[in-house]
Structure formats: C-alpha cells, structure tokens
Amino acid sequence: MKRLLLPLMLAGLLAAPSWADDYKVNLRWDRYYNGAEVEDALRRLTDAFPRFTELRSIGTSEEGRDIWLLTVNNPATGDDLEKPGIYVDGAIHGNEIQ
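Residues numbered from 1 in each chain as written. Predicted model: local features only at pLDDT ≥ 70, side-chain atom pairs only at ≥ 80, totals over all residues. Heavy atoms only, no water.

### Some points on the pattern of salt bridges
Then step 1. Per the stated rule, a full pass over the model turns up 6 salt bridges.
Then step 2. A salt bridge links Asp30 to Arg28; its shortest N-O distance comes to 2.6 Å.
Then step 3. Note that Arg31 is salt-bridged to Glu37, the shortest N-O span being 2.9 Å.
Then step 4. Judged by its relative accessible area of 29%, Glu37 is partly exposed. (Salt bridge = Lys/Arg side-chain N within 4 Å of Asp/Glu carboxyl O. Buried < 20%, exposed > 50% of the residue type's maximum accessible area, 1.4 Å probe, protein only.)

### Description of helix H2 (residues 35–48)
Then step 1. With 14 residues, H2 extends 20 Å from end C-alpha to end C-alpha; this agrees with the ideal 20 Å at 1.5 Å per step.
Then step 2. All of the buried residues in H2 are Ala41, Leu42 and Thr46. Angularly, the buried residues of H2 cover 135 degrees about the axis, an arc narrow enough to put them on a single face. In this structure, H2 carries Ala36 and Asp47 as exposed residues pointing more than 90 degrees from its buried face.
Then step 3. Of the surrounding secondary structure, the elements contacted by the buried residues of H2 are strand S1 (53–60) and strand S2 (66–72).
Then step 4. Regarding H2, its N-cap is Asn34, as a side-chain oxygen of that residue lies 3.1 Å from the backbone nitrogen of Ala36 further along. (Helix = DSSP H or I, 4+ residues; strand = E, 2+ residues; numbered from the N terminus. Expected span 1.5 Å × (residues − 1). Arc of directions from axis to C-beta. Contact = heavy atoms within 4.5 Å. Polar contact = N/O pair within 3.5 Å; in protein donor to acceptor, adjacent residues only side chain to side chain.)

The analysis is restricted to geometry; functional conclusions fall outside its scope.
Shown next as structure tokens:
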C-alpha cells in the first residue's frame, strides 16, 4: 500500500498519510536541496542508520566543497566491495562528463 501511495503523494494528489511521520529521516521530494541541505540530509541518514551507512568525503570540488560518498551496505552479509553495487549520482548536469 505504501508503494502505491508514494507516486500520488509526489504528484500532490494526496496528502502524506499518518505513517509518513514515522520515518527516521523525513526527506522531501518536491524541491531541490542546496549543498548544505544535501550534506545535512546525508548526515541525518547516517545518524539514523549507523549500522548500514558510511558517509565520507572523497575529495573537494573546485569551489572547495566536499564531494560526499554515502555507502549503504548490510555488513552482516559481507563487505560492500565484495558485492554487486549501484552508483547513483546527483546534482550533476546531464551534459557534463564526470
């Protein structure tokens, strides 16, 4: 049921149901986050799920801002580098090669 409601909530057709307040980290998907807000959200996710997340800076941008890497893994099932993974990139323009 939760999966079915999410697209309708994102489209603004339904208000967030009461169970939405139960999330450990409440992130909004109807707006863009600036750099400081992204960092704050990543830190809140790491604080809420310390067993499954690792946050680290892998460098700095030309403007001196940290480039964050959030690793999500269940260490009980093995090391993250020994498993298949998925790379998700954000805040990058589609026509820029990284």
